[in-house]
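Survey of secondary and tertiary structure
Given next are the chains, with one letter for each unit.
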Amino acid sequence: MTQPPTEAVRPPAPADRRVSPARIAVVQCDAQVGLGNREDNVARGLALAARAADDGATLIVLPELCATGYTFATREEAYAHAEEVPSGGTVRAWEVFARERGVHLVAGLVEREGVRLYDTAVLVGPDGYVGHYRKTHLWNIEKLWFAPGDRGFPVFETPIGRIGLLICWDIWFPEVPRLLALHGADIICSVNNWVWTPPPIFDESGRCMAAYLTMTAAHVNNVVIAAANRIGTDRDARFLGCSLIAGTNGWPIGEVAGPDEERILTADIDVVASRGAPIWNQLNDLVRDRRTDLYDTMLGYTLSPAFPR
């Protein structure tokens, strides 16, 4: 008697081994300078962040100076857009959003401390304000309004992992992501106002140099970098988009955004996966191969000690 065929037994699906799972979202949007635009800038950024949170994002990155716009005409105008951190109204609004949605949020504004102004990125989370970073390398006319950052390269402990911040022109200086990685950063959030520069702006694939620098920094430091840029024009400046999330191998996770579109890009990652050594073969890995017998382990940086990953 012929036996009925038995149903094939499928092996169980592999368990999700992520120990710190997160859905990252980078928001590519437009923000306009002018005091009359500040409320709309913040509201629009939070509306897009809410869309990302609705889609499950737990870490959301907005662009540089997304609360204020970028192209100030005078120092007086730059001061008028500034606020203290973390006591200012914009940071308070970001804190409320992060608490209500249970997310971490990174976004940029003009910070005032005494008579100094800084181009600052702020990190808030479900428990409120976490910390902030002041842009170290200033681009073009930013030097007329902002003081260069004086807080070094802090890395912030959060429940999802260690988060480092950098801003725009910083990515052209390989020391910045390297030092953040040496300080134990699991993920770097890059907030940007990448502008159009003399051509060629894009290659045949539509990617810009800033995207390649982000990918390279992620690759050589074995760290995820979530880079949010803006679009549009702001007075005489034009911005080129190209937001992306680069994985620990350097390649984009998903798409690189176009130059003119308002976009939200997302990626599911294990935030702390980068703590595993990036071993390439039996004889090479990025950590062991550093020739620290020839150069300072921390590149001469003394504001804080190295932290293991």
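Read on for a plain summary of the structure. (Residues numbered from 1 in each chain as written. Predicted model: local features only at pLDDT ≥ 70, side-chain atom pairs only at ≥ 80, totals over all residues. Heavy atoms only, no water.)

Okay, the overall build of the chain next. When you go through the chain residue by residue, the secondary structure sums to 6 helices and 13 strands. With 309 residues in all, the chain has 53% of them scored as buried. Contacts in the chain between residues at least 24 apart in sequence constitute 69% of all its contacts with a sequence separation of at least 6. If you sum the accessible surface of the chain, you get close to 14,600 Å²; carbon and sulfur atoms cover 55% of it. Across the chain, 29 positive and 38 negative side-chain charges occur, with their mean positions spaced 3 Å apart. (Helix = DSSP H or I, 4+ residues; strand = E, 2+ residues; numbered from the N terminus. Buried < 20%, exposed > 50% of the residue type's maximum accessible area, 1.4 Å probe, protein only. Contact = heavy atoms within 4.5 Å. Areas by Shrake-Rupley, 256 points an atom, 1.4 Å probe, with all protein chains shown as cover. Lys, Arg positive; Asp, Glu negative; His and termini not counted. Charge placed at Lys NZ, Arg CZ, Asp CG, Glu CD.)

Now for unusual backbone geometry. Put simply, Val85 and Pro86 share a cis peptide bond, and its omega is 10 degrees. On the secondary structure map, Pro86 appears in the loop between α2 (75-80) and α3 (89-101). Between Pro199 and the following residue, Pro200, the backbone shows a cis peptide bond with an omega angle of 5 degrees. Relative to the helices and strands, Pro200 is located in the loop between β8 (187-191) and α6 (209-221). One non-glycine residue, Arg235, adopts positive backbone phi at about 60 degrees. Residue position: Arg235 is located in the loop between β10 (233-234) and β11 (237-238). For Cys242, which is not glycine, the phi torsion reads 65 degrees and is therefore positive. Its place among the elements puts Cys242 in the loop between β11 and β12 (244-246).

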